[in-house]
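# Topology and contacts: notes
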Amino acid sequence: GAVVSQHPSWVICKSGTSVKIECRSLDFQATTMFWYRQFPKQSLMLMATSNEGSKATYEQGVEKDKFLINHASLTLSTLTVTSAHPEDSSFYICSARGVGEGEAFFGQGTRLTVV
Amino acid sequence: GESVGLHLPTLSVQEGDNSIINCAYSNSASDYFIWYKQESGKGPQFIIDIRSNMDKRQGQRVTVLLNKTVKHLSLQIAATQPGDSAVYFCAENVGTGRRALTFGSGTRLQVQP
């Protein structure tokens, strides 16, 4: 199946700094990518939909100025957590779907710990 | 808002037994459903999917059943193995226009040797 690669797989940063997470579709073009956040023992919650060449669409309650999304090419979307705080510590997962409405492919996730 | 939910948060089975994981969804407009397996510290892994024009689909050791009348989805795993231990999520696609998936709350499957 298609491969979605996410980097880094884990990161520890100091409170107040920014962290960038990359999501790449390795063998297909993804016009749309999705960013999810998952807290321990909870489900995946959609944060935003990343559209290539246009602004991301954020879910209600997600601060667009804090979670910056850039989707500059058909194979790369980035999520930047700005001015990170300990409450931003979570597991961030990206997803991509190819053409049509088939299955969504997920990255391996990024464990963010803000200290 | 509408959501996808699960009946059982944890399911413990003996190795070799069959497992059934259930999921209730509330959005009648959902037309595509996927079951994912998530191991600790990893992203979701696709297991099997089904479209709303079907009521059953089989894969290798897994079967998904869809009952649109009661808005219920189930995942059956035959001859459960220790490697099947993980959290299982159902996810739904509400239809055209919105391509993001909505995830259920998850069920942890524990396989006892």
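See the structure above.
What counts and what doesn't
Note that residues are indexed from 1 along each chain, following the sequence as it is written. For naming, the first written chain is A and the first written ligand is 1, with later ones following in the order written. Totals for whole chains, interfaces and linings use every residue, but because this is a predicted model, local features are given only for residues with pLDDT of at least 70 and side-chain atom pairs only at 80 or more, for both listing and counting. Heavy atoms from the whole structure form the basis of all side-chain values; hydrogens and water molecules are not counted. Comment: elements are numbered from the N terminus, with helices defined as DSSP H or I runs of at least four residues and strands as E runs of at least two. Each residue gets one of three labels from its accessible area relative to the maximum for its type: buried under 20%, exposed over 50%, partly exposed in between, using a 1.4 Å probe on protein chains only. In what follows, residue pairs with any heavy atoms lying within 4.5 Å of each other are defined as contacts. Calculation of accessible area relied on Shrake-Rupley with a 1.4 Å probe; when residues are assessed, cover is drawn exclusively from the protein chains displayed. By definition here, a salt bridge exists when the distance from a side-chain nitrogen of Lys or Arg to a carboxyl oxygen of Asp or Glu is within 4 Å. Every patch collects residues that have over 30% relative accessible area and no salt bridge, joining them within 9 Å if they carry like charges and within 5 Å if they are nonpolar side chains (Val, Leu, Ile, Met, Phe, Trp, Tyr). Definition of a polar contact: a pair of N or O atoms within 3.5 Å, with one able to donate and the other able to accept a hydrogen when the atoms are protein atoms, and with sequence-neighbouring residues admitted only if both atoms are side-chain atoms.

### A look at the overall build of chain B
What chain B contains, in helices and strands, is 0 helices and 11 strands. When the helices and strands of chain B are placed in sequence order, the string is β-β-β-β-β-β-β-β-β-β-β. By residue count, 44% of the 113 residues in chain B fall in the buried class. Intrachain contacts of chain B at a sequence separation of at least 6 include 54% that bridge at least 24 residues. Entry remark: accessible area of chain B is about 5500 Å², with carbon and sulfur atoms responsible for 45%.

### A look at the pattern of salt bridges
Evaluated as defined, the whole model comprises 6 salt bridges over all chains. In this structure, the salt-bridge partner of E22 of chain A is R24 of chain A, at a minimum N-O distance of 3.5 Å. You can call E22 of chain A partly exposed: its relative accessible area is 24%. R24 of chain A sits in the partly exposed class, given a relative accessible area of 35%. The salt bridge involving E39 of chain B is made with K42 of chain B; its shortest N-O contact spans 3.4 Å. Assessed through its relative accessible area of 29%, E39 of chain B is described here as partly exposed. When salt bridges with common partners are traced through the structure, they connect K37, E39 and K42 of chain B into a single cluster.

### Some points on the environment of E92 of chain B
Residue position: E92 of chain B is located in strand β9 (residues 86–93). Owing to a relative accessible area of 2%, E92 of chain B belongs among the buried residues under this scheme.

### Considerations on a nonpolar patch on the surface
Residue and element names in this part refer to chain A. A surface patch of nonpolar side chains, about 370 Å² in accessible area, is lined by W10, I12 and V115. Topologically, V115 is positioned in the segment after β11 (110–114). Relative accessible area serves as the criterion here: at 57%, V115 is assigned to the exposed category.

### A few points about the side chain of H71 of chain A
Residues and elements named next belong to chain A. Within the secondary structure layout, H71 lies in strand β7 (residues 67–73). Residue class for H71 comes out buried when judged on its relative accessible area of 4%. At 3.2 Å, the side chain of H71 forms a polar contact with the backbone oxygen of A30. Separated by 2.8 Å, the side chains of H71 and S50 make a polar contact.

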